[in-house]
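Residues per chain are reported as follows:
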Amino acid sequence: MIPSPPLLVTPGPVATSTAVRAAMAVDRSAAEPGMIAALLQMQAQVGALVRMDAAYAVIPVPGSATQANEMVLRALPPPGAAVLIVTNGAYGDWLAHLCATMGRPHHVLRTPPLEPIRPERVARALKDDPAISHVAFVHVETSSGRINPLAEIASLCRRLGRGLIVDAVASAGIVPLDVAHDRPEALVLSSNKGLQGPPGLAWVVAERAALERGRGFAASASLDLFDQHQHVERTGTFRFTPPTHVLCGVHAALEELAAEGLAARAVRYRGNWEAAAAVLAAAGFPPLLQLPDTAPIVVTVALPEDGPAPATVTAAMASRGYVLVPGRLAVPRTVRLGCIGDLTPPDTARAAAALAEVLKSGPIIA
């Protein structure tokens, strides 16, 4: 049976609930007292989700996580200081691209995409170059699902006196986070993925002292994280017109997360992943990464050498009612089946069965 409407089985944007979509159907002003109260509530919920303490602030950013990452990379490292980008996938590489585009001095430390980042290599790189002020990396690499060792990297950054910037877009709401323990200078989150909201709103959980040290570093009006933080704290709303419909959807999504519970959501996502992985493995397509090395956000499988090309797989799945996301792969000729969002194990099992059917069909088509 073909799902109607088509079902998103991607690692973001994700399938949202009826309640989240309904919340976005009302026109609101961001300056309404109710919207200001809702934003304050969302800030508290995000702060609780990552276990932050009073040394941190939760800053809403209208836009994608890419915009939030750029704001952080502009705001926290001092002018002229270098950032060590540690990467084992497409989204770590994207952090390096942001630095290159903004002219930020940086070094790239690469690890093979299916392997975790090695903290000892990070420590060696920091000891060899005192000009590096910050380390930036992706906690869960969406391009493969690989989990990287946040606690260990955070510990060595504290020991060596370097700031830490963490892209937690694919871990928030999925993998436990503990800001009060790990003490990064900034953690970047998104409104979709594990939060199950619509795309279009990002969150930065930033150390207040680091924000103050970076006052004036941004060299941008719209990408000034310090100014955004100050304005939201002072007025309860945004510097510029925010995506109000998205805000309403995210508010509803965070209420759903509170009702479901973080532990129960983690169990559901794991069930989604296990259901899809079992179907694909039985069909001869075992996941390239297994739990617990991967977060349960995607099942990543290799395409058969004599099978269809990635673009063909995406089109064939769409014709069967399942939307996959093309590109952003850690390993060429792989495909990722998303397991997060408003999905259940039967949903992902059916999607995996459709994917197995597609992978077994036809010659390679460029």
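Before reading further, recall that the structure is shown in the block above.
Every value quoted in this text rests on a predicted model; they were computed, and no experiment measured them. (Residues numbered from 1 in each chain as written. Predicted model: local features only at pLDDT ≥ 70, side-chain atom pairs only at ≥ 80, totals over all residues. Heavy atoms only, no water.)

S.K.: Honestly, the overall build of the chain in this entry has me stumped. Any pointers?
M.R.: Along the backbone of the chain there are 13 helices and 11 strands. At 20 Å, the chain has a C-alpha radius of gyration in line with the 21 Å of a compact globule built from 366 residues. Taking contacts inside the chain between residues at least 6 apart in sequence as the whole, the part at least 24 apart equals 73%. As displayed, the chain has an accessible area near 14,300 Å², and 60% of this comes from carbon and sulfur atoms. Mean positive and mean negative side-chain charge positions of the chain (30 and 30 charges, respectively) differ by 2 Å. (Helix = DSSP H or I, 4+ residues; strand = E, 2+ residues; numbered from the N terminus. Rg over C-alpha atoms; globule rule 2.2 N^0.38 Å. Contact = heavy atoms within 4.5 Å. Areas by Shrake-Rupley, 256 points an atom, 1.4 Å probe, with all protein chains shown as cover. Lys, Arg positive; Asp, Glu negative; His and termini not counted. Charge placed at Lys NZ, Arg CZ, Asp CG, Glu CD.)

S.K.: What is the right way to read the layout of surface pockets from this model?
M.R.: A water-sized probe, rolled over the atoms, reveals where empty space remains. Counted as a void, the largest pocket has a volume near 440 Å³. The wall of the largest pocket is formed by 24 residues, among which Ala-65, Thr-66, Tyr-91, Val-169 and Lys-193 lie closest to the centre. Residue assignment for the lining of the largest pocket shows that the elements contributing at least two residues are α3 (65-75) and α4 (90-102). Of the residues forming the lining of the largest pocket, the biggest block, 3 residues, is contributed by α3. Looking at side-chain class alone, the lining of the largest pocket contains 11 nonpolar, 9 polar and 4 charged residues. (1 Å grid on protein atoms, 1.4 Å probe; cavity = no way out; pocket = protein on both sides within 12 Å on 5 of 7 lines; lining within 4 Å. Points joined across faces, edges and corners; volume = space filled by probe spheres on them. Nonpolar A, V, L, I, M, F, W, Y, C, P; charged D, E, K, R; others polar.)

S.K.: Looking at this structure, how should I read the pairing of strand β11 (residues 334-338)?
M.R.: The side chains of a regular strand alternate, first on one face of the sheet and then on the other. Counting buried residues along β11, 5 of its 5 residues qualify, which places the element largely inside the surrounding structure. Taking every second residue as pointing to the same face, both faces of β11 are buried, with Thr-334, Arg-336 and Gly-338 on one and Val-335 and Leu-337 on the other. Pairing of strand β9 (residues 298-302) with β11, which is carried by 5 bridges, proceeds in the antiparallel orientation. In the sheet register, Val-301 faces β11, and the bridge partner there is Val-335. (Buried < 20%, exposed > 50% of the residue type's maximum accessible area, 1.4 Å probe, protein only. Pairing = 2+ DSSP bridges.)

S.K.: Explanation requested: unusual backbone geometry in the structure shown.
M.R.: Excluding glycine, a negative phi dihedral is what most residues carry, and trans is how most peptide bonds are arranged. Along the chain, Gly-12 connects to Pro-13 via a cis peptide bond; the corresponding omega equals -5°. Here the amide bond leading from Leu-291 into Pro-292 is cis, since omega sits at 0°, within 30 degrees of zero. The phi torsion at Ala-219 lies on the positive side, around 55°, for a residue other than glycine. If you trace the backbone, Ala-219 turns up in the loop between α8 (208-213) and α9 (225-235).

S.K.: Explanation requested: the pattern of salt bridges in the structure shown.
M.R.: Two side chains bearing opposite charge may form a pair once their charged atoms approach each other closely. Under the defined criterion, the tally for this structure stands at 15 salt bridges. Of the charged contacts in the structure, one is a salt bridge between Glu-260 and Arg-265, with a shortest N-O distance of 2.9 Å. Taking relative accessible area as the criterion, Glu-260 reaches 28% and is therefore assigned partly exposed. For the salt bridge of Arg-320 with Glu-357, the shortest nitrogen-to-oxygen distance reads 2.9 Å. Separated by 37 residues along the polypeptide, Arg-320 in the loop between α12 (310-319) and β10 (322-323) and Glu-357 in helix α13 (residues 345-359) bring together distant segments of the chain. Taking the relative accessible area as the measure of exposure, Arg-320 reaches 25% and is therefore partly exposed. Given a relative accessible area of 48%, Glu-357 falls into the partly exposed group. (Salt bridge = Lys/Arg side-chain N within 4 Å of Asp/Glu carboxyl O.)

S.K.: I tried to follow the environment of Glu-152 on my own but got confused; where do I start?
M.R.: Looking at where Glu-152 falls in the secondary structure, it is placed in helix α6 (residues 150-160). Spatially, the C-alpha atom of Glu-152 lies 8.8 Å from that of Asp-182, the residues being 30 residues apart in sequence.

S.K.: Please explain empty space enclosed by the protein as it appears in this structure.
M.R.: Under the counting rule described, the total for this entry stands at 1 cavity of 30 Å³ or more. Size it by volume and the largest cavity reaches roughly 40 Å³. Lining the largest cavity, in full, are Ala-30, Met-35, Leu-39, Gly-236, Thr-237, Phe-238 and Leu-247. The residue inventory of the lining of the largest cavity, partitioned by class, reads 5 nonpolar, 2 polar and no charged.

S.K.: Help me understand helix α11 (residues 262-282) in this model?
M.R.: Given 3.6 residues to a turn, an α-helix orients residues that are three or four positions apart in the same direction. Relative to the 30 Å expected for 21 residues at 1.5 Å per residue, α11 spans 30 Å between its end C-alpha atoms, a close match to the ideal helical length. Every buried residue of α11 is accounted for by Arg-265, Arg-268, Tyr-269, Gly-271, Asn-272, Trp-273, Ala-275, Ala-276, Ala-277 and Leu-280. The elements touched by buried residues of α11 are α10 (244-260), β9, β11 and α13. Count one or two residues on from α11 and you reach Gly-284, which has phi positive near 95°. (Expected span 1.5 Å × (residues − 1).)

S.K.: Can you help me understand the side chain of His-139 in this one?
M.R.: Mapped onto the elements, His-139 comes out in the loop between β5 (132-138) and α6. Apart from the residues within four sequence positions on either side, His-139 is in contact with Arg-146, Ile-147, Asn-148, Leu-150, Val-166, Asp-167, Ala-168, Ser-171, Val-175, Pro-176 and Leu-177.

S.K.: Looking at this structure, I do not really get the side chain of Arg-336. What am I missing?
M.R.: Tracing the chain through its elements places Arg-336 in strand β11. Here Arg-336 is buried and forms no salt bridge, its nearest opposite-charge partner Glu-141 lying at an N-O distance of 6.8 Å. A polar side-chain atom of Arg-336 sits 2.9 Å from the main-chain carbonyl oxygen of Thr-142. What Arg-336 contacts, discounting residues up to four positions off in sequence, is Val-9, Pro-11, Thr-142, Ser-143, Val-298, Val-299, Thr-300, Leu-324, Val-325, Gly-327, Arg-328 and Leu-329. (Polar contact = N/O pair within 3.5 Å; in protein donor to acceptor, adjacent residues only side chain to side chain.)

S.K.: It is not clear to me how the sheet that holds strand β7 (residues 186-190) should be interpreted in this structure. Could you clarify?
M.R.: Strand-to-strand pairing in sheets goes through backbone hydrogen bonds, with the strands running parallel or antiparallel. A sheet is described by the order of its strands in space; here 7 strands give the open sequence β2-β8-β7-β6-β5-β3-β4, paired in mixed fashion. Since the sheet does not close on itself, it has two edges, and those belong to β2 (56-62) and β4 (106-110), each with one partner. Each strand axis lies, on average, 20° off the axis of its neighbour in the sheet, ignoring direction. Relative to β5, strand β3 (residues 82-87) runs parallel, the two being bridged by 5 bridges. Across the sheet, the residue bridging to Ile-85 is Ala-136, located in β5. Across the face of the sheet, α3 comes into contact with β2, β3, β5, β6 (163-167), β7 and β8 (201-207) while running at roughly 165° to β7. Contacts from α9 reach β2 and β8, with the element oriented near 100° to β2. (Axes fitted to C-alpha atoms, helices over the stretch in contact; angles between N-to-C directions.)

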